[in-house]
Amino acid sequence: MTDEATVRAIFANLEHGEGDAFFQHVADGVDWTVMGTHPLAGRYHSKQAFRAATFARLNKLLPGGTQLHVTHLLISGDTAIVELESKAVAKNGMRFDNHYCWIVRFAGDTIVEVRAYLDSAKVAELIRENE
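Residues numbered from 1 in each chain as written. Predicted model: local features only at pLDDT ≥ 70, side-chain atom pairs only at ≥ 80, totals over all residues. Heavy atoms only, no water.

Per an unreviewed UniProt entry, the recorded name for the chain is Ketosteroid isomerase, and the organism is Rhizobium grahamii.

So, in structure tokens, the structure goes:
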């Protein structure tokens, strides 16, 4: 069973720009699906593949990082529904205000599965204007 304090502590790393600390709580063989029709959408079967295709790519476009902040959290058993928002700024000055909903399954304090929903049009615009 996952508890709120543990989930908030893990996600606080993203709020403070400590992506490496967050990813220490993600299984190497995580099953991470990014929903949508944008360039980052897809299913990733490892932490390495997910980070390379998404966070590493975004970090080149968002000098201050994605700046993900938890806005709502609901926990049931080993699953957390985490709503996040980003107030990042792209390298061209574009505001990247995006909202996310991650459905996260844990094994202990390790993330083993994620389904991530976000504004596909906003991501496509960010990539089109900044890559």
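Having seen it, we continue.
Visitor: Even after reading the chapter, I still don't get the pairing of strand 4 (residues 79-89), so can you show me in this structure?
Guide: When a strand is regular, its side chains alternate between the sheet's two faces. Side-chain alternation along strand 4 places Ala80, Val82, Leu84, Ser86 and Ala88 on a buried face and Thr79, Ile81, Glu83, Glu85, Lys87 and Val89 on a face that remains uncovered. As paired strands, strand 3 (residues 68-76) and strand 4 are joined by eight bridges and run antiparallel to one another. By the bridge assignment for strand 4, Val70 is matched with Leu84. Once strand 3 ends, the chain turns through two residues before running back antiparallel as strand 4, passing Gly77 with a positive phi of about 60 degrees. (Buried < 20%, exposed > 50% of the residue type's maximum accessible area, 1.4 Å probe, protein only. Helix = DSSP H or I, 4+ residues; strand = E, 2+ residues; numbered from the N terminus. Pairing = 2+ DSSP bridges.)

Visitor: Would you take a moment to explain unusual backbone geometry for this structure?
Guide: Trans peptide bonds make up the majority, and among non-glycine residues the majority have a negative phi. One non-glycine residue, Gln67, adopts positive backbone phi at about 55 degrees. Within the element layout of this structure, Gln67 appears in the loop between helix 4 (55-61) and strand 3.

Visitor: Could you clarify how one ought to interpret the side chain of Ser86 in this entry?
Guide: With respect to the helices and strands, Ser86 occurs in strand 4. Given the relative accessible area of 1%, Ser86 is considered buried. A distance of 2.5 Å separates a polar side-chain atom of Ser86 from the backbone oxygen of Thr66. Beyond its immediate stretch of four places on either side in the chain, Ser86 contacts Thr66, Gln67, Leu68, Phe96, Asp97, Asn98 and Tyr100. (Polar contact = N/O pair within 3.5 Å; in protein donor to acceptor, adjacent residues only side chain to side chain. Contact = heavy atoms within 4.5 Å.)

Visitor: Explain the sheet that holds strand 1 (residues 26-34) here, please?
Guide: Two strands in a sheet stick together by hydrogen bonds in their backbones, pointing the same way (parallel) or opposite ways (antiparallel). Read from one edge of the open sheet, six strands run 2-1-6-5-4-3, paired in mixed fashion. Strands at the two margins of the open sheet, each flanked by one partner only, are strand 2 (42-44) and strand 3. Going across the sheet, the axis of each strand differs from the next one's by a mean of 20 degrees, ignoring polarity. Pairing of strand 4 with strand 5 (residues 95-107) involves eleven bridges; the strand directions are antiparallel. Bridge pairing in strand 5 links Ser86 to Asn98. Lying over the sheet, helix 1 (residues 4-15) contacts strand 3, strand 4, strand 5 and strand 6 (110-118), oriented at roughly 160 degrees with respect to strand 3. With respect to the sheet, helix 5 (residues 120-130) is in contact with strand 5 and strand 6, its orientation differing from that of strand 5 by roughly 120 degrees. (Axes fitted to C-alpha atoms, helices over the stretch in contact; angles between N-to-C directions.)

Visitor: Help me understand the environment of Tyr100 in this model?
Guide: By the element assignment, Tyr100 lies in strand 5. A relative accessible area of 9% places Tyr100 in the buried class. Each C-alpha atom of the pair Tyr100 and Lys47 lies 19 Å from the other, and the pair is 53 residues apart in sequence. Filtering out sequence-adjacent residues up to four positions away, Tyr100 remains in contact with Leu68, Val82, Glu83, Leu84, Glu85, Ser86, Tyr117 and Leu118.

Visitor: I'm lost on the environment of Thr66 in this one. Help?
Guide: On the secondary structure map, Thr66 appears in the loop between helix 4 and strand 3. Measuring from C-alpha to C-alpha, the distance between Thr66 and Phe55 comes to 8.1 Å, with eleven residues separating the pair along the chain. Excluding its chain neighbours within four sequence positions, the residues that come into contact with Thr66 are Phe55, Leu58, Ser86, Lys87 and Ala88.

Visitor: I'm lost on the pattern of salt bridges in this one. Help?
Guide: Side chains that carry opposite charge are capable of pairing whenever their charged atoms lie near each other. Evaluated as defined, the whole model comprises eight salt bridges. Measuring nitrogen to oxygen at the nearest pair gives 2.9 Å for the salt bridge that ties Arg95 to Asp97. Given the relative accessible area of 30%, Asp97 is considered partly exposed. Close ionic contact of Glu113 with Arg115 constitutes a salt bridge, the shortest N to O distance being 3.9 Å. What makes Glu113 partly exposed here is its relative accessible area of 22%. Beyond isolated ion pairs, a larger network of salt bridges with shared partners links Arg105, Glu113 and Arg115. (Salt bridge = Lys/Arg side-chain N within 4 Å of Asp/Glu carboxyl O.)

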